[in-house]
Each structure stands twice: as C-alpha cells, then as structure tokens.
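A structural walkthrough
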Amino acid sequence: MTEEVKIEVIQPFANLIYKITMPESITQGLIEHTDKMREDPNTPSFGESLVGQVDEELEIDISKLQPIIPNFLLNCSREWLYNQLKQGFGWEPSWNLPREDIFPQFVSMWTVSQKDGEYNPIHTHPSAAVSGVLYLKIPEYKEDKKDTRKPHKQRTDDGSLVFTNNSGADRRYCVSNCNFNPKVGELFIFGGMQPHQVYPFRSVDGEGERRSVSFNIAYATKDQMEANHMIGQGVTLND
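These lines cover the structure that appears in this document, whether it is placed above or below. (Residues numbered from 1 in each chain as written. Predicted model: local features only at pLDDT ≥ 70, side-chain atom pairs only at ≥ 80, totals over all residues. Heavy atoms only, no water.)

Soluble globular proteins: nonpolar side chains tend toward being buried together. The biggest cluster of nonpolar side chains holds 31 residues, and the ones touching the most others in it are Leu30, Leu73, Met109, Leu187 and Ile189. It is helix α2 (residues 68-89) that contributes the most residues to this core, eight residues altogether. Residues contacting isoleucine 189, with those up to four places away along its chain left out, are Leu16, Ile17, Tyr18, Ile20, Cys76, Ser77, Trp80, Val130, Ser131 and Gly132. Counting residues in hydrophobic clusters, the runner-up holds seven residues, among them Leu161, Phe163, Phe190 and Val198. (Core = buried A, V, L, I, M, F, W, Y, C linked by side-chain atoms within 4.5 Å. Buried < 20%, exposed > 50% of the residue type's maximum accessible area, 1.4 Å probe, protein only. Helix = DSSP H or I, 4+ residues; strand = E, 2+ residues; numbered from the N terminus. Contact = heavy atoms within 4.5 Å.)

This is the structure:
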C-alpha cells in the first residue's frame, strides 16, 4: 500500500512549556552582569513586586545588557507565542497570524539569588503574556532525606521548578504537575498565567546560591501596532 495518509494533530487544550539550552555566551554574559549588579549597593530591589520568600531579588535594567541578550530572549518568546497561538487557534480555518506579525516587548526583568530554605510559592504573572526563567548558578544539593529517585522519577524535589495545570482532564494521558531540576544555561518559557513554584533546597555547605534571571513579556500583533501607531517604538527584535 503506497497511498499517502494525512494525519492532522489538534491539541487546543495544552499550555506549552519551552526548555531551551542557551548559548554559552549569553549565559556567561548574564552571570557577569548579575555579578556586577550584586556588588553595586545602588542596584534597586525588585522584591516588593514578587511573591518569593527570598531576600535578594534585584531589578535588571535591560538597557544596560549586551543587545544580543534581550534580542535572543525576545526571539525565543516570539517563537513560543507563535506556536502557542497556532496550537490554540490554528485549527480554525480563518486563523492566520504570521510569526513576523508578532511583536513582543519586555515588561520587566529581575534576578533572584536564592539561598538555602528560600522558595517561591505557587503563583502566576498576570501582567505577562509570556514569562521566562534562565538559570545561571545551581549549588550542590544534599542527598534527599527520602529516596525519591524511583524508576519513574529520576529527579530530586529539592530546588525543583514546578508547573501546575488542570487543562488535561484525562489523567491517563497527562499529569497535573510537571517538575524540573534546572541546569545552568537552561531557559524555561511559559505563559504568564501558568501556575508555577520553586521548592526550597538544602545545599551541601549551607551556603549555596541558586541564581536565575526571570522576565515578563507582553506582545501586540502587527495590526494592533499599526492601529496604535506603535511600529518601531519600544521594540528591539533582530531576527
């Protein structure tokens, strides 16, 4: 039988999570930038805007970053937006939104220096269409108090990034929690209303630092931008 069979996969009920391994130059550039921020006593705190039970959460001035860094993050976010929107609405014949007609822009960016026992409770980012977190430093953790490394669970819960969702009602094919043990240089991108949390950790020497950079992004379509005369204003995006 040589007849071609066409299969169309329709998945409008799922929220996408991207896990991206960053170029070393961008990861290192952010490590160096956040090192300088932490040494500068004038760096403003961002903690009052966040729910994390964390002492050190500092606001990042995006204009002071090497341009390649925000441009890369914007392009990753635009790719996430295009595929999330296409998945959710692309099954509708009248839907047609080219990737290049999506214009993302930063709402905020900050760095988190998490220490032993600190954590982020479950929360969302209502002001963001897209959120992201990029990991710069991961300490060595203590052994788990209980054996959690079963064949079906090759991870530790300490310090894990947890996403929660109930959009998939049939649990034969999906789960409500999705846990990751991040590695240095990994970027996670997800929807702003995606519930997520970060568990506390116990480092070997009790002095560990788990450093990350987080950001929120809004977007407009080309039609919206033109209607509001916004094309070329406040958006830096190089393909």
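Strands sit in the order β1-β8-β5-β10-β3-β2 across an open sheet of six strands; the sheet is antiparallel. Two strands close off the open sheet at either side, each with one partner strand: β1 (17-21) and β2 (56-59). Pairs of neighbouring strands in the sheet enclose a mean axial angle of 20°, with direction left out of account. Two elements, strand β5 (residues 130-137) and strand β8 (residues 186-191), share five bridges in a ladder whose sense is antiparallel. (Pairing = 2+ DSSP bridges. Axes fitted to C-alpha atoms, helices over the stretch in contact; angles between N-to-C directions.)

This paragraph deals with the packing of helix α1 (residues 24-39) against α2. Any two packed helices are characterised by how steeply their axes cross, that is the angle between the axes, and by the distance between the axes. Running from N to C, α1 and α2 cross one another at 125°; their axes reach a closest spacing of 10 Å. Here α1 is positioned oblique relative to α2, judged by the angle of their axes. α2 is crossed by α1, and the crossing has left-handed handedness. On α2, the residues touching Ile26, Gly29 and Leu30 of α1 are Ile68, Ile69 and Phe72. (Parallel < 35°, antiparallel > 145°, perpendicular 65-115°, else oblique. Left-handed = near helix turned anticlockwise from the far one by under 90°.)

In this structure the tally under the stated criterion is seven salt bridges. One salt bridge in this structure joins aspartate 35 and lysine 137, with 3.8 Å as the shortest N-O distance. Of this pair, aspartate 35 sits in helix α1 while lysine 137 sits in strand β5, placing them 102 residues apart in sequence. Looking at aspartate 35, the relative accessible area reads 27%, which means it is partly exposed. Note on lysine 137: relative accessible area 28%, which makes it partly exposed. The salt bridge partner of arginine 202 is aspartate 158, with a shortest N-O separation of 3.0 Å. Of this pair, arginine 202 sits in the loop between β9 (196-198) and β10 (210-221) while aspartate 158 sits in the loop between β5 and β6 (161-164), placing them 44 residues apart in sequence. With a relative accessible area of 14%, aspartate 158 lands in the buried category. Several salt bridges share partner residues, and in doing so they unite Asp35, Arg38, Glu56, Lys137, Glu209 and Arg211 into one network. (Salt bridge = Lys/Arg side-chain N within 4 Å of Asp/Glu carboxyl O.)

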